[in-house]
Amino acid sequence: MIRIYINITNQCNTNCPFCCMYSGTEKSTYMSFNKYKEIIDFHKKDFELQLEGGEPLLHEDLYLFLEYARSTKRCKKIILSTNGILLDSHFVRLVDFNKYNKIPITVKLSINYWLHKENPRCFEKALDWHLATEFIEGFNIKLNVRLRNQDQLIRDEINNNNLGAISNIYYLQSYGKLSGNKDYEKPVIVQNIDDWFLYSTDGTCFNKDLIARSEHEGRLL
Ligand code: SF4
């Protein structure tokens, strides 16, 4: 089993000052369906697919991408990395995709001080999404928490909302917009899969080089 990580857009609907992919509202690169298909077709083994960005829920072809992955019969899991701002309007469709296709979906919800400032109800919403799908087999909400600012507030919100069991808590790392910042550590990649591949928004493969992909993203419009 391999995992394919694809940035399908570098546009985001917010502008975190520490974004590791240099994404933001001013960016405008979207992966085409043909480029995406080329990447999927290149990998012949069974795969897990992580769609990320930027904000992948902004991509108008997102469900075309999911359908194509499903149609190969090699896609064994989908991970969607999102800031959650648009999740309400996609939620039922994602649950239905999981239900009808029996492909596990994990929604990896980013949480950090900036997103909390933008939406102070983000923890409450995360709990609602979790509780609404708790007993749906193969559909999971996971919180991808990044600390280094207002850490106690974030930890308190996680505890008060009983979100500890579904939270992965890490610190912000020194790449992307934090590149070169000596107060932060370099990214460490912990993997639980045989092999994995990182793709940038324009379809370039960086194999396992997270930092090179990030710097490349920084140069894309
Ligand atoms: S960190 Fe995530 S939510 Fe923030 S700008 Fe980057 S892609 Fe968007």
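Before any of the text, the structure's been laid out above.
Report follows, based on the coordinates.

Thresholds, definitions, all that
Residues numbered from 1 in each chain as written. Predicted model: local features only at pLDDT ≥ 70, side-chain atom pairs only at ≥ 80, totals over all residues. Heavy atoms only, no water. Helix = DSSP H or I, 4+ residues; strand = E, 2+ residues; numbered from the N terminus. Polar contact = N/O pair within 3.5 Å; in protein donor to acceptor, adjacent residues only side chain to side chain. Contact = heavy atoms within 4.5 Å. Pairing = 2+ DSSP bridges. Axes fitted to C-alpha atoms, helices over the stretch in contact; angles between N-to-C directions. 1 Å grid on protein atoms, 1.4 Å probe; cavity = no way out; pocket = protein on both sides within 12 Å on 5 of 7 lines; lining within 4 Å. Points joined across faces, edges and corners; volume = space filled by probe spheres on them. Nonpolar A, V, L, I, M, F, W, Y, C, P; charged D, E, K, R; others polar. Near = heavy atom within 4 Å. Salt bridge = Lys/Arg side-chain N within 4 Å of Asp/Glu carboxyl O. Buried < 20%, exposed > 50% of the residue type's maximum accessible area, 1.4 Å probe, protein only. Arc of directions from axis to C-beta. Right-handed = clockwise from strand over helix to strand, strands pointing away.

1. A few points about the side chain of Asn-83
Right, on to step 1. For Asn-83, the position within the fold is in the loop between strand S3 (75–82) and helix H3 (91–101).
Right, on to step 2. A polar contact is formed between the side chain of Asn-83 and the side chain of Asn-13, at a distance of 2.8 Å.
Right, on to step 3. Residues within four places of Asn-83 in sequence aside, it is in contact with Cys-12, Asn-13, Thr-14, Glu-55, Leu-109, Ser-110 and Leu-115.

2. Quick word on the sheet that holds strand S1 (residues 2–7)
Two pairing modes exist for strands in a sheet, parallel and antiparallel, and in both the strands are linked by backbone hydrogen bonds.
Right, on to step 1. Across the sheet, which stays open at both edges, the 7 strands sit in the order S6-S5-S4-S3-S2-S1-S7 with parallel pairing between neighbours. Across the chains shown, the open sheet's two edge strands, defined by having one partner strand only, are strand S6 (167–171) and strand S7 (195–199). Neighbour to neighbour, the strand axes of the sheet diverge by 20 degrees on average, direction disregarded.
Right, on to step 2. Relative to strand S4 (residues 105–111), S3 runs parallel, the two sharing 5 bridges. Bridged to Ser-81 within S4 is Lys-108.
Right, on to step 3. Contacting S1, strand S2 (47–52) and S7, helix H1 (residues 33–42) runs over the sheet at an angle of about 165 degrees to S1.

3. Overview of the layout of surface pockets
Right, on to step 1. Approximately 1,400 Å³ is the volume found for the largest pocket.
Right, on to step 2. Along its surface, the largest pocket is lined by 49 residues, and Gln-50, Lys-108, Asn-144, Arg-146 and Tyr-175 are the ones closest to its centre.
Right, on to step 3. Those elements that place two or more of their residues in the lining of the largest pocket are S1, S2, S3, S4, strand S5 (139–147), S6, S7 and helix H7 (210–219).
Right, on to step 4. Sort the elements by how many residues they give to the lining of the largest pocket and S3 lands first, with 4 residues.
Right, on to step 5. Of the residues assigned to the lining of the largest pocket, the class counts are 21 nonpolar, 17 polar and 11 charged.

4. Topic: the site of the ligand
Right, on to step 1. All residues in the neighbourhood of the ligand are listed as Cys-12, Thr-14, Cys-16, Cys-19, Ser-23, Gly-54 and Asn-83.
Right, on to step 2. Class assignment for the residues of the shell around the ligand results in 3 nonpolar, 4 polar and no charged.

5. Comments concerning the pattern of salt bridges
Right, on to step 1. Scanning the model with the defined rule gives 9 salt bridges in all.
Right, on to step 2. A salt bridge links Asp-195 to Lys-208; the shortest N-O distance between them is 2.6 Å. Of this pair, Asp-195 sits in strand S7 while Lys-208 is found in the loop between S7 and H7, placing the two residues 13 residues apart along the sequence.

6. Some words on the environment of Leu-109
Right, on to step 1. Here Leu-109 lies in strand S4.
Right, on to step 2. Sequence spacing of Leu-109 and Leu-80 is 29 residues, and the spatial spacing of their C-alpha atoms is 8.2 Å.

7. A closer look at H7
Right, on to step 1. If you check which residues of H7 are buried, you get Leu-210, Arg-213, Ser-214, His-216 and Glu-217. Taken end-on, H7 shows its buried residues confined to a sector of 160 degrees, consistent with a single buried face.
Right, on to step 2. For H7, the elements touching its buried residues are S1, S2 and S7.

8. Re the pairing of S3
Right, on to step 1. Of all the 8 residues making up S3, 6 are buried; the element is thus mostly covered by neighbouring parts of the structure.
Right, on to step 2. Pairing analysis gives 5 bridges linking S2 to S3, with the strands arranged parallel. Across the sheet, residue Phe-47 finds its bridge partner in S3, namely Cys-75.
Right, on to step 3. Handedness of the crossover joining S2 and S3 through helix H2 (residues 62–71): right-handed.
Right, on to step 4. On the question of chirality, the crossover connecting S3 to the parallel S4 by way of H3 is right-handed.

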